[in-house]
Each structure stands twice: as C-alpha cells, then as structure tokens.
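Observations on the three-dimensional arrangement
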Amino acid sequence: MSTFTIFLALIIIVAFLLVVVIMVQNPKGGGLSSAFGGGANQIGGVQKTSDFLDKSTWTLATLLLVLILLSNVTIMDGNGVGESKIMNGEAEVETNIPAPIEAPVESPAEQN
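Anyway, here's the lowdown on the structure attached to this text.

What follows covers the nonpolar core. F7, I11, V14, L18, V21, L53, L60, L64 and L67 form the largest nonpolar core, which has 9 residues in total. Elements with a contribution of two residues or more to this core: helix 1 (3-24) and helix 3 (46-74). In terms of residue count, the dominant contributor to this core is helix 1 (5 residues). Excluding its chain neighbours within four sequence positions, the residues that come into contact with F7 are L67, L70, S71 and T74.

Taking 1.5 Å of rise per residue, the 22 residues of helix 1 would be expected to cover 32 Å, and the 32 Å separating its terminal C-alpha atoms lies within 8% of that figure. Taken together, the buried positions of helix 1 are occupied by F7, I11, V14, L18 and V21. What you see down the axis of helix 1 is that its buried residues fit within an arc of 95°, all on one side. Opposite the buried face of helix 1, at more than 90 degrees from it, the exposed residues are I12, F16 and M23.

Reading the values: the criteria
- Residues numbered from 1 in each chain as written.
- Predicted model: local features only at pLDDT ≥ 70, side-chain atom pairs only at ≥ 80, totals over all residues.
- Heavy atoms only, no water.
- Core = buried A, V, L, I, M, F, W, Y, C linked by side-chain atoms within 4.5 Å.
- Buried < 20%, exposed > 50% of the residue type's maximum accessible area, 1.4 Å probe, protein only.
- Helix = DSSP H or I, 4+ residues; strand = E, 2+ residues; numbered from the N terminus.
- Contact = heavy atoms within 4.5 Å.
- Expected span 1.5 Å × (residues − 1).
- Arc of directions from axis to C-beta.

Printed below as a string of structure tokens:
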C-alpha cells in the first residue's frame, strides 16, 4: 500500500469526523450542548460541551489541512520527479486518424 493511499484514507476519516462534529453543533446554542438539559443535573455543563466541540472542530480542521499538504508530497513518482510525462515528450500520443466512412451513393435508376 502506497503512502498516498494511507494519507487518502486518513483524509477521508478526518473529513467524516469533521462533518459529524459540525453537524452535532447548533449555531443557536442548541445541539449537543442543550441535550444535557438545564439546571443542576448537567453532565459536564453546557459551556464545557461547547468548548469541547469548538476545540475538536478546530483540531480536526487543522489536521485535515496538514494531511492534505503532506499527501501532496507523496503524489510524486518513486523517482522523485513530479513533472508531466506529456511535457517531456515521453507519453505516447495516438496519431491514427480513422478514414471517413462514405455513405453509399444510389443512382436514380436503382431507386425505381
């Protein structure tokens, strides 16, 4: 398995987690923060839950950015040259042009 494939799998996992964390939040103060209810029976408190979701969002977003930048380094070929083969003239370009197909021509005598 190549390094790029590993980075790609990690990027997909982090992006999924980021979507989940963002969807749990509610911009109007609801979401997971309000799910614990109000009053003295709060589990962790609303403020602590909001802080956790905020920190996890920033952490996952930063991690996603770093993984994307690091995966760019691994895209190069094994020889360390990331240039296009077409630009160097190494790629085979197909120059065969098929001959045009001619439609059969019928004479007026054959039409009758």
